Amino acid sequence: MKKINKNSLNGFINYGIVIAAFVILQAAIGMGRLSNSLQSLLVPACCYIVMAVSLNLTVGILGELSLGHAGFMSLGAFSGIVASILLQDLVPMAPLRLALSMVVGAAAGALGGVIVGVPVLRLQGDYLAIVTLAFGQIIKNIIMVLYVGVDENGFHMAASSDHFNLSADGTAIIKGPMGAVGVTKLASFTAGFILILITLVVVQNLVNSRSGRAIMALRDNRIAAESVGINVTKYKLMAFVTSAALAGAAGTLFGLNYSSTVASKFDFNTSILVLVFVVLGGLGSIRGSIIAAALLYVLPELLRSFDIAEYRMLIYAIVLILVMLATNNEQFTALMGRVGGWFKAAGKRIAGWLKSLGRTESKGKGGTTNG
Amino acid sequence: MKKKTLAAMLMAGAMCFGLLAGCSSNGGQTSNPPASDAGTQESQPANQGGGFDVVTIKVGGIGPITGDLAQYGTATQWGAQIAVDEINALNGPIRLEYDFQDDTGVTDTAVSAYNKLKDWGAQVIYGCTTTAPCVAVAAETFADRYFQLTPSASSPDVTSGKDNAFQMCFTDPGQGTAAAEYLKSTGLGSKIGVIYNNGDAYSTGIADAFIAKAKEIGLDVVATQTYPDDKTTDYTVQLTACKDAGADLVFLPIYYTPASLILAQAKQMDYAPTFFGGDGMDGMLDMDGFNKSLAEGLLLMTPFNAAGTDERTKTFVETYQAAHNILPNQFAADGYDCMYAIYEACCQLDGIADMDHEQLCDALITLFTGGDFSVDGLTGTSMKWLESGEVSKAPVVVKVVDGVYVTQ
């Protein structure tokens, strides 16, 4: 048997964690042990996990700072909402409609990624950060004045309410600053779970492929990578667009989880929030992103349960700073490394024990056949 | 090297983010005692009333008490708290238990806050303060069958298609239409300029309806100017456009923070039209460091006048000022009225003790839309509700004279 390499093992552990979390949470819901407030956090938490993992591809794996990730989420959310309403009559089955909307959202995100990426990825470092920052703002401001609707004459789109001549019995889907209202909620925890799995498959396979190694080579030393013939723009674009597409799909899921969504939700703060998840989870660590996004998204809501509810956002900020200090503290990382070492040693021992168990069994079997 | 810089940048960014989040939460909260606690304690030992069974209705409030919009959320929170305290002090058969959850003015947080209140056992939902979260929460309460009354979420989207959602404030289009009609009937301003925030649902809602109505009844709108968000600090472009178009009245359907800057900048450029605002202007006179002479002659439509002389308004203003050291605005007054509306409605229901939230919701809807139910409050007398969930009360225009409101 081919030996499983370390990277794919890591990948399988990530799938395992996500599946285990899903099964445990579903069981808790089934037994009625999960409160309403926690249940309502499941879908957005899934969205933020996907956002964090996809941003990690840009920031951690590709090594370029992107400050406009919420812009792609916004593109995905609003295009997905429009798609879901347009498909309402054509596709009556809700999960299928959600899936199709998510594909549209991902395509919109990817398109945005290409538009931003092609001119900008030729630049390096700070320039990309600045342009993505501007991109996020531009998307926000465009959607804020965008009016989209559908009536018997077809599809209408306008940049101001004066030019938006929707007939009286038409449906307005996006109404400028009011955002999208009256959205049918399609998102479910299962859909979020599947989206996380898809994200993991895409990102982990990309990272472990030839292309992924080229991307990481660009991150570590661009000149050296170029000198061995790696096409810089192509590989940068590959990572960036993949990341944008996944953010778009996450945005669709997010948009279809609420009956109203406004463009101002996807502002600079949201981009930074996702970046905080990525950085605190560890740049380049997929598992770190998943765990950090899940915990840090749920934390401010959990803090409501205590008497200190008034100070929950303050406490949240302090927790962020503490996590940051801890993960950058050598003694702490050494301690965590040691804890990890114990687990590894224990795992090895169990594996060895299983192996020896298997050996004795087969030996025993061999004995009986011989006899 | 590069990685290090990147890490440093990210850390700095995260820190700023943390600080911002911390500051806003701190600013909104340090000056008040935890309101929700006071409410619950009040209602617990209240059973000494007498020979009737005391029914406690759990009212769950939602609004932003941290973040950019905290000033509005805290006003609705505190205003309602005063009403709850008064109601519970009556020692009547109905008591209110009140919990208020923060939604930071954001849709998804508002839905989480609502679910938190559901876990707490809320029977009636009071909120949200701002429009977009309220639309999302109203969809949830509609599906779960909770009665919802919002003090200040003014978009028609909040109530449309939902029989369980009711408003205490005017709707945005209603206010825009009323403003246009008022200008037509009083003949103030021959040429009208409009400056509004096209990134805000409230502002755009009023402005669109105002412009449409103005066209219909023959008002001359000579300039329509927009700005993208309330963090804008320079309005000279918009003011110059109004001035050049010869507008002698400028309609400002915006919140008071940007409006105060507009007034100051108009003064600097020697442009002195009549300014006319919506209920979002209420609160401007109490802004820290605001020069009240700038607002002299300002007209605004507000349902509540803190300088009112009736006994109830006086008591409310005194209590509010004693507790929080600022004058209450219309958000607080709307909040106060919401609680009384819920209370008075509950008093009229039979067998309320055995009702779960679904039955209570249906009973309250029947009562509110029945036509016989009306409430007297700080923001209007004998307020009634239409089937659509809209409130019907008379709009009041006030003028700022010597730094106080004078009803027109």
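Residues numbered from 1 in each chain as written. Chains lettered and ligands numbered in written order. Predicted model: local features only at pLDDT ≥ 70, side-chain atom pairs only at ≥ 80, totals over all residues.

Quick notes on the overall build of chain B
Step number 1: Tallying secondary structure elements over chain B gives 12 helices and 14 strands in all.
Step number 2: Counting across all 408 residues of chain B, residues that qualify as buried make up 56%.
Step number 3: When contacts within chain B are restricted to residue pairs at least 6 apart in sequence, those whose partners lie at least 24 apart make up 69%. (Helix = DSSP H or I, 4+ residues; strand = E, 2+ residues; numbered from the N terminus. Buried ≥ 20, exposed ≤ 12 C-beta atoms within 10 Å, placed from the backbone. Contact = placed C-beta atoms within 7 Å.)

A look at the interface of chain A and chain B
Step number 1: At the junction of the two partners, chain A supplies 38 residues and chain B supplies 39 residues.
Step number 2: When contributions to the side of chain A that touches chain B are tallied by element, the ones reaching two or more residues are α2 (36–61), α5 (126–144), β5 (260–261), α10 (268–281) and α12 (312–327) of chain A.
Step number 3: The element best represented in the side of chain A that touches chain B is α12 of chain A, accounting for 7 residues.
Step number 4: Class assignment for the residues of the side of chain A that touches chain B results in 22 nonpolar, 12 polar and 4 charged. (Nonpolar A, V, L, I, M, F, W, Y, C, P; charged D, E, K, R; others polar.)

As for the pairing of strand β1 (residues 147–151) of chain A
Residue and element names in this part refer to chain A.
Step number 1: Pairing analysis gives 4 bridges linking β1 to strand β3 (residues 171–175), with the strands arranged antiparallel. Directly across from Tyr147, in β3, lies its bridge partner Lys175.
Step number 2: The pairing of β1 with strand β2 (residues 154–158) spans 5 bridges and is antiparallel. Bridging from a neighbouring strand, Val148 pairs with Met157 of β2.
Step number 3: Between β1 and the antiparallel strand that follows it, β2, lie 2 residues. (Pairing = 2+ DSSP bridges.)

Describing the domain arrangement of chain B
Residues and elements named next belong to chain B.
Step number 1: Domain annotation of chain B identifies domain 1 (51–170 + 312–392) and domain 2 (173–302).
Step number 2: With centres defined by C-alpha atoms, the gap from domain 1 to domain 2 works out at 30 Å.
Step number 3: The interface is formed by 11 residues belonging to domain 1 together with 11 residues belonging to domain 2. (Domains from an automatic or database assignment.)

Let's talk about the sheet that holds strand β3 (residues 124–126) of chain B
Residues and elements named next belong to chain B.
Step number 1: Taken in spatial order, the 5 strands make up an open sheet running β2-β1-β3-β4-β5, and their pairing is parallel. Of all strands in the sheet, those bounded by a partner on one side alone are β2 (94–102) and β5 (165–167). Across this sheet, the average inter-strand angle for adjacent strands is 25 degrees, counted without regard to direction.
Step number 2: As paired elements, strand β4 (residues 147–150) and β5 share 3 bridges and run parallel to each other. Along β5, the bridge assignment pairs Leu149 with Phe166. (Axes fitted to C-alpha atoms, helices over the stretch in contact; angles between N-to-C directions.)

Here's the deal with the sheet that holds strand β7 (residues 220–227) of chain B
All names here are of chain B.
Step number 1: Judged by pairing direction, the sheet is mixed, and its 7 strands sit side by side in the order β7-β6-β8-β9-β10-β13-β14 without closing on themselves. What marks the edges here is a single partner per strand, and that holds for β7 and β14 (404–407). Neighbour to neighbour, the strand axes of the sheet diverge by 25 degrees on average, direction disregarded.
Step number 2: The sheet contact formed by strand β10 (residues 299–301) and strand β13 (residues 397–401) spans 3 bridges and is antiparallel. The residue bridging Met301 from the neighbouring strand is Val397, located in β13.
Step number 3: Here helix α8 (residues 236–244) sits on the sheet and contacts β6 (191–197), β7 and β8 (249–252); the angle it forms with β7, its principal contact strand, is near 170 degrees.

Focus: the packing of helix α3 (residues 69–86) of chain A against α5 of chain A
All names here are of chain A.
Step number 1: At a minimum axis distance of 8 Å, the contact between α3 and α5 shows a crossing angle of 30 degrees. Taken as axis vectors, α3 and α5 run roughly parallel relative to one another. Along this stretch, α3 crosses α5, giving a crossing that reads as left-handed. Between α3, through Ala70, Gly71, Ser74, Leu75 and Phe78, and α5, the contact on the second element is made entirely by Phe135, Gly136, Ile139, Lys140 and Ile143. (Parallel < 35°, antiparallel > 145°, perpendicular 65-115°, else oblique. Left-handed = near helix turned anticlockwise from the far one by under 90°.)

Quick word on the confidence of the model for chain A
Regions with low pLDDT carry predicted coordinates that are not meant to be interpreted in detail.
Residue and element names in this part refer to chain A.
Step number 1: On average, residues of chain A carry a pLDDT of 88, and 94% of them reach 70 or more.
Step number 2: The weakest mean pLDDT in chain A belongs to helix α13 (residues 330–370) at 71; the strongest belongs to helix α6 (residues 189–207) at 96.
Step number 3: Note on residues 364–371: pLDDT is under 50 here. Beyond four places in sequence and across chains, it has 0 contacts. (pLDDT = per-residue confidence, 0-100.)

With respect to the confidence of the model for chain B
Residue and element names in this part refer to chain B.
Step number 1: Overall, the prediction assigns chain B a mean pLDDT of 85, with 87% of residues at 70 or greater.
Step number 2: Ignoring residues within four places in sequence, the model shows residues 15–50, a span with pLDDT below 50, making 61 contacts including any to other chains.
Step number 3: Reported confidences for the modelled complex are a pTM of 0.83 and an ipTM of 0.83.

A short note on the pairing of β14 of chain B
All names here are of chain B.
Step number 1: In this sheet, β14 lies alongside β13 in antiparallel orientation, the contact comprising 4 bridges. Bridge pairing in β14 links Val400 to Tyr405.
Step number 2: Between the end of β13 and the start of β14, which pair antiparallel, lie 2 residues, with Asp402 showing a positive phi angle near 50 degrees.

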